[in-house]
Amino acid sequence: MVPFPMRNIYIAWIAVLLSHMSAPSRGEELTDKMRSAETCRLFMASSTIPNAGIGVFTSVDLKEGDTVGYPDLAIPVTDLDWHNGGRRQASLIDIIEGDYHWLWKDYDWLSSVIGDLSFEAEEVVACIPGIGAMPNCHFRLSNVRETWTRYDTAGLHRSKDPGVGAFTGYHGREGIATKDLTEGSELFVDYGEHWFWLREKELGLVPVAESYVEAELVLQKFHSLDLHRQEVVKSDLWDLIKNFPYKSRSLAALPNSHVAANRAIEVGIKETELEGSVRSVEWLHNNGKCLDNLRPGISTINGAGRGAFATRFIPKGDVVAPAPLVHIPYNERLLMFGELESQFTPEGFTIRNTSDIRGKQLLLNYCFGHSKSTLLLCPYGSGTAFINHNHKTPNVKIVWSDKTRATIHNSTWLTKSVDFLEDQLSPGLEFDFVAIRDIEPGEEVFLDYGVEWDNSWRAHVRNWKPVENADNYQDASELICLDTESCKNTSPLRTHDEQLAKPYSEQLAIYCYFNYWVGREMIWNDEIDDWREPSGNNHHKYPCNIVLRNPGQLYNVELTVPVYDDDGFHVQDMFVEVKNVPQWGIQFINRQYGSDLFLRNAFRHEMMIPDSIFPEAWMNLT
């Protein structure tokens, strides 16, 4: 029998032993948490399209209709060509062929596919980081579509919030799988054929949808040749076809080798390209970087709008998000100017007054810079645009991408001049946002934007005053409801007669959705007598008056429909009544140049790149 005192010692010893056995060590606990990173569903890695740079891949099977990653925001850039010496109402080709460096032209989107963005100014494009900028286009393999954005200012108002106008209100743009996808598939979006037509000098003859129809006919003719068991002859003949001196998009759509051509004859060009667009999940883990560690949400910082939150545990030292960079060599590209009084171009457009700097493009707030350089670097990594500032307790930092796993980073650029970067017409730099401590799931992610940014923001808050009549301002986002369910909680809309006694804000315009295509047939204006629900991007908004309020939150409205002549000139307006329009089909729009985006007192400042990683070669300012 063990003596009592000794028994107590044994009991204590056993208790300690059991506690060590039951409680995991820090290393074991961390290992378990690190395994959660294996659940990454979306990766950035080299594209399967040769020389296409970045690709985006799913590491899990997706069903048609599944959401891809997390929603993006859209950053408006307004009247860019005019502010850089071009003209008002510039076309897309004016921006592409402008005599100023604007690499975003290959990554931004037309405002017409974003939502209400096109109403902000005479000419608007949208920079959309993440899924809006990273996937490639492949017309035969397109498998992701993008939704329209939502618009709201996260509750900030110009009468009381210094942060109003400092971030975009356009957000919620999602990628949706358009077909079932297997794990490892590269994701492709449809840029639209015009994107390639306008860049033919730069990219050459890239195949579009029609090109593959003609290419399949060439394959059939090649297959019909009596070349049984003459592989050398077939190979030489195929090389001759592919190297034919008169290039075409159809020729570019053909497989590169006769071996690939044989496979395409068997299963079709699309199937061979589909087979080549899939990488193994193991390869993605070894060579790619996770893109879905961050999700957007309302920031924990009062007045900051939206923030980025960790979707899983991220251990210290891990990459939170990769961030390819669009370079703007000279930050003057983002200046916004006033107009010369009573001076116009021969076409009747206003002329910019270069001595009257009115502000800077909102994009500046989403880019990095340095006080001794004109260079701006704008990340387009997924979720990184939502990361807010915290000077005292950040949990991430930026570093240059590790060359062993970088997708596009060219470290030699760090030794080149800003003038050298001016001549580079594709991205070649890449940041990584790296955890500087363990980050827990659901925790907001913060970056220190730098002392200069912090001081500038504090000064802005101290000196900020509301603009004139701010108390009377009503933003369109306060009145928007987007579906039947959300409209149940909103007040009924006032008819035109009721607005005479109680008008809406003069800053607001009322527009109605109208779907005027059915299949490929146009519904003539005089045949419209009831509401047709819009689908996809197949609709327009027209100015409208609310004539009558019906039961069930339905309205009769009068549309103002523009009529154009054969040359595309607006000749008159037609007024058409449409019955039983649901409330969500009637939307309020901020009038041109009237939203918070154009506030003269809105905060503008780039985030600062630390001295420790900023190359001396780029310091072109004293």
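Reading guide: rules and limits
Residues numbered from 1 in each chain as written. Predicted model: local features only at pLDDT ≥ 70, side-chain atom pairs only at ≥ 80, totals over all residues. Heavy atoms only, no water. Helix = DSSP H or I, 4+ residues; strand = E, 2+ residues; numbered from the N terminus. Buried < 20%, exposed > 50% of the residue type's maximum accessible area, 1.4 Å probe, protein only. Contact = heavy atoms within 4.5 Å. Areas by Shrake-Rupley, 256 points an atom, 1.4 Å probe, with all protein chains shown as cover. Pairing = 2+ DSSP bridges. Core = buried A, V, L, I, M, F, W, Y, C linked by side-chain atoms within 4.5 Å. Lys, Arg positive; Asp, Glu negative; His and termini not counted. Salt bridge = Lys/Arg side-chain N within 4 Å of Asp/Glu carboxyl O. Polar contact = N/O pair within 3.5 Å; in protein donor to acceptor, adjacent residues only side chain to side chain. Phe/Tyr/Trp six-rings, centres within 6.5 Å; stacked < 30°, edge-to-face > 60°.

> Can you help me understand the overall build of the chain in this one?
In terms of helices and strands, the chain carries 16 helices and 30 strands. Expressed as a percentage of its 622 residues, the buried residues of the chain come to 49%. Summarising the internal contacts of the chain: among those between residues at least 6 apart in sequence, 76% fall at separations of at least 24. Within the structure as shown, the chain displays about 31,200 Å² of accessible surface, and the carbon and sulfur contribution to it stands at 52%.

> Got a minute to help me understand the sheet that holds strand E11 (residues 289-290) in this structure?
The strands that make up a sheet are held in pairs by hydrogen bonds between backbone atoms, and each pair lies either parallel or antiparallel. Taken in spatial order, the 3 strands of this open sheet run E2-E1-E11, and their pairing is antiparallel. Every interior strand has two partners, whereas the edge strands, strand E2 (54-58) and E11, have only one. With 5 bridges connecting them, strand E1 (residues 42-46) and E2 associate as antiparallel partners. What sits directly across from Met-44, in E2, is Val-56.

> It is not clear to me how the environment of Asp-239 should be interpreted in this structure. Could you clarify?
Within the secondary structure, Asp-239 sits in helix H8 (residues 231-242). Asp-239 gets classed as partly exposed once you look at its relative accessible area, which sits at 35%.

> Would you mind going over the nonpolar core with me for this structure?
Generally speaking, nonpolar side chains in soluble globular proteins are found buried as a group. Trp-104, Leu-363, Phe-431 and Trp-618 are the most contacted members of the largest nonpolar core, which totals 99 residues. In terms of residue count, strand E14 (residues 319-328) provides more of this core than any other element does, 6 residues in total. Apart from the residues lying within four places of it in its own chain, the contact partners of Phe-431 are Pro-322, Ala-323, Leu-325, Phe-368, Leu-377, Ile-398, Val-399, Trp-400, Ser-401, Ile-609 and Ile-613.

> I tried to follow the side chain of Asp-475 on my own but got confused; where do I start?
Relative to the assigned elements, Asp-475 resides in the loop between helix H14 (451-463) and helix H15 (484-487). One buried charged residue, Asp-475, remains without a salt bridge, the closest side chain of opposite sign being Arg-158 at 5.8 Å. A polar contact of 2.7 Å, which involves the side chain of Asp-475, links it to the side chain of Tyr-473. Excluding residues within four positions of it along the chain, Asp-475 makes contact with Tyr-151, Thr-153, Leu-508, Asn-590 and Asp-596.

> Would you mind going over the packing of aromatic side chains with me for this structure?
For any two aromatic rings, the description comes down to two numbers: the centre-to-centre distance and the angle of the planes. Going through the model one piece at a time under the given rule, you end up with 21 aromatic pairs. With a centroid separation of 4.9 Å and 65° between ring planes, the pair formed by Phe-222 and Trp-238 is classed as edge-to-face. On the criterion of sequence distance, the pair formed by Phe-222 in helix H7 (residues 209-224) and Trp-238 in helix H8 is long-range, its members being 16 residues apart. With a relative accessible area of 5%, Phe-222 lands in the buried category. Among the residues examined, Trp-238 registers a relative accessible area of 0% and is labelled buried. Each ring, one from Trp-457 and one from Phe-603, has its centre 5.1 Å from the other, and the planes form 80°; the classification is edge-to-face. With Trp-457 in helix H14 and Phe-603 in the loop between strand E29 (586-590) and strand E30 (607-608), this pair connects stretches of sequence that are 146 residues apart. Given a relative accessible area of 25%, Trp-457 falls into the partly exposed group. Classification of Phe-603 by relative accessible area gives buried; the value is 5%.

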